[in-house]
Amino acid sequence: MRAARPTAARPTRVRAAPVRRLVLGFLAAAVLAGCTSGPTEAAPGTTGTPNAPAASGSTATATPDPAPSRGAPTPTPEGTLLVADFGSDTVTFVDPGQGGSGRNGGAIASVEVGTAPYGLVVGEDGRAWVATAEGVAVVDTRRRTRLALIPYETETGPVTTGEYRGGGMGIALAPDGRHVYVGVNVPGGNGTLEVVDTATREVTGVAGVGRRPFDVDVSPDGREVYATNHDSFDVTAVDADTLGTRRMEVAPYGTEGGLGSWLKPHYAVVRPQDGRLLLPFEGERLAVLDPRDGTVTIEPMTADTHQHGAALAPDGTLLVVGTGPIGSADEGPSLTVRAPDGEERIVPLEGPHEDVAVSADGNTAYVTGGFTRDGYWNGITVVELDKLDNADARARPNGEKNKPIRLAAGNRPLGIAIL
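Cut-offs and rules
Residues numbered from 1 in each chain as written. Predicted model: local features only at pLDDT ≥ 70, side-chain atom pairs only at ≥ 80, totals over all residues. Heavy atoms only, no water. Pairing = 2+ DSSP bridges. Helix = DSSP H or I, 4+ residues; strand = E, 2+ residues; numbered from the N terminus. Axes fitted to C-alpha atoms, helices over the stretch in contact; angles between N-to-C directions. Buried < 20%, exposed > 50% of the residue type's maximum accessible area, 1.4 Å probe, protein only. pLDDT = per-residue confidence, 0-100. Contact = heavy atoms within 4.5 Å. Phe/Tyr/Trp six-rings, centres within 6.5 Å; stacked < 30°, edge-to-face > 60°. Lys NZ or Arg CZ within 6 Å of the ring centre and 35° of its normal.

## Things to note about the sheet that holds strand β10 (residues 167-173)
What the four strands build is an open sheet, ordered β10-β11-β12-β13; its pairing is antiparallel. Among the strands making up the open sheet, the edge pair consists of β10 and β13 (202-208). When the angles between neighbouring strand axes are averaged without regard to direction, this sheet yields 25°. Where β10 and strand β11 (residues 179-185) come together, five bridges link them in antiparallel fashion.

What follows is the structure, encoded as structure tokens:
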């Protein structure tokens with residue numbers, strides 16, 4: 001059965017009520033809905049009950065968290081990894097090890113954020129914005145505390161966990177840092193893109209997009225936002241000023257499988273030099289989408305595996321996570337390292353993975369082991385890109401010294417950022 005295509009209804013702006021002012025003293029703290037006393041930082045691997053958000057679809061604003069009751073922790077070192085723990089209500093801070101290599105690294109601390117966190121993004125001010133099932137959590141990554149939880153304006157039904165849960169999925173930050181854009185999944189229907197003002201921590205606008213917005217990206221000039229919609233085989237372009245939308249189908253295998261198809265778009269990256277979106281499919285095809293006119297060109301890929309997360313290195317190298325086979329003839333999990341000229345190196349991975357981040361110098365990739373389906377593991381694979389040879393890495397012996405390092409960290413980690 002074919003997946004239903006999203007309608008081209010004109011989006012509406014939704015304004016949230018002004019942020020509530022906090023009154024000093026314990027009495028005020030007691031009446032704030034969902035607030036608790038004490039620090040929000042938890043020991044690695046632990047979970048807890050996050051601050052309860054306002055009912056979905058309400059006009060309530062962010063629920064601020066109280067100040068920790070003890071001294072601030074040691075500031076988080078630069079280069080620390082931050083992962084969204086889809087298997088718990090936390091994000092985990094991870095020491096990437098000696099020189100970022102993963103050696104002798106490990107979890108530093110975990111912070112409660114909200115149910116089933118999926119994607120995250122970090123601004124230059126050190127604040128992380130985390131898409132959870134309940135709302136967008138705001139985390140001070142330097143002090144490792146949650147600052148607020150911003151409820152969604154979109155009605156998503158009961159808060160649940162699991163692959164098809166409602167709530168935030170992809171998330172991105174505007175180039176000027178003034179807005180955060182989060183794709184909100186609505187089970188059984190089309191999703192939305194919600195706009196969050198980073199200064200006021202309010203949802204200031206909502207636009208309709210396609211089904212299950214796995215990923216969200218922003219054009220280099222900040223004028224458009226792109227939601228990659230998994231279950232409707234398309235990308236929705238949203239005008240950042242007017243919230244007007246355009247649907248662009250991206251289906252190099254067709255849409256015949258409908259909701260049951262594996263051959264759907266998952267993650268995208270925006271190429272800075274021309275603004276085109278790069279969307280990998282099955283380790284066989286790279287769809288290059290020109291958002292100006294919606295045209296798609298196809299380039300061959302070689303990993304031959306089901307692909308999810310993607311990232312661009314500073315030199316334009318494309319990194320794509322292969323989660324493993326969907327057919328008997330497919331290859332196993334891998335990381336594709338694709339040069340701007342299309343030459344690829346394929347690095348085998350042990351078990352399914354989900355997303356990837358690359359260091360500022362382009363020398364190291366960090367791949368999360370969470371995966372949205374079964375078979376995940378609680379950790380990060382560290383790949384030293386500068387030590388890969390030019391040959392296809394699948395041919396390397398298992399004992400080769402540059403084999404990727406597995407770093408235990410997080411609880412089903414999906415989204416990842418480097419601080």
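There is more to say, and it comes next.
## Some details on the pairing of strand β5 (residues 106-112)
Burial analysis of β5 places five of its seven residues in the buried class, the great majority of the element. Pairing geometry for strand β4 (residues 90-95) and β5, over six bridges, is antiparallel. Among the inter-strand pairings, Val94 is bridged to a residue of β5, identified as Ala107.

## Considering the sheet that holds strand β25 (residues 344-348)
As a general point, the strands of a sheet are linked pairwise by backbone hydrogen bonds and lie either parallel or antiparallel. Taken in spatial order, the four strands make up an open sheet running β22-β23-β24-β25, and their pairing is antiparallel. Each edge of the sheet is formed by a strand with only one pairing partner; in this case those strands are β22 (306-312) and β25. For this sheet, the mean inter-axis angle between neighbouring strands, taken without regard to orientation, is 20°. Pairing of strand β23 (residues 318-324) with strand β24 (residues 334-338) involves five bridges; the strand directions are antiparallel. Opposite Val320, over in β24, you have Thr336 as the bridge partner.

## Focus on the confidence of the model for the chain
On average, residues of the chain score 85 in pLDDT, and 80% of them reach the 70 mark or higher. Below a pLDDT of 50 lies the segment residues 1-59, which in the model reaches 137 contacts outside its immediate sequence neighbourhood of four places, other chains included.

## Comments concerning the packing of aromatic side chains
Any pair of aromatic rings gets described here by the distance separating the centres and the angle formed by the planes. Counted by the stated rule, this structure contains four aromatic pairs. When the centroid spacing of 6.0 Å and the interplanar angle of 80° are considered together, the rings of Tyr118 and Phe214 count as edge-to-face. Taken together, the residues span a long stretch of sequence, with Tyr118 in the loop between β5 and β6 (120-122) and Phe214 in strand β14 (residues 213-218) at a distance of 96 residues. The pair formed by Tyr118 and Phe214 is uniform in burial state, with each residue classed as buried. Centre to centre, the rings of Tyr253 and Phe281 are 6.5 Å apart; their planes meet at 45°, and the pair counts as tilted. Here the residue Tyr253 occupies a position in the loop between β17 (245-249) and β18 (269-270), and Phe281 occupies one in strand β19 (residues 277-281), the gap between them amounting to 28 residues. Judged by relative accessible area, which is 1%, Phe281 ranks as buried. Lying over the aromatic face of Tyr253, Arg285 brings its terminal NZ or CZ to 4.0 Å of the ring centre. Across from the ring centre of Trp377, 3.7 Å away, lies the NZ or CZ of Arg406, which sits over that ring.

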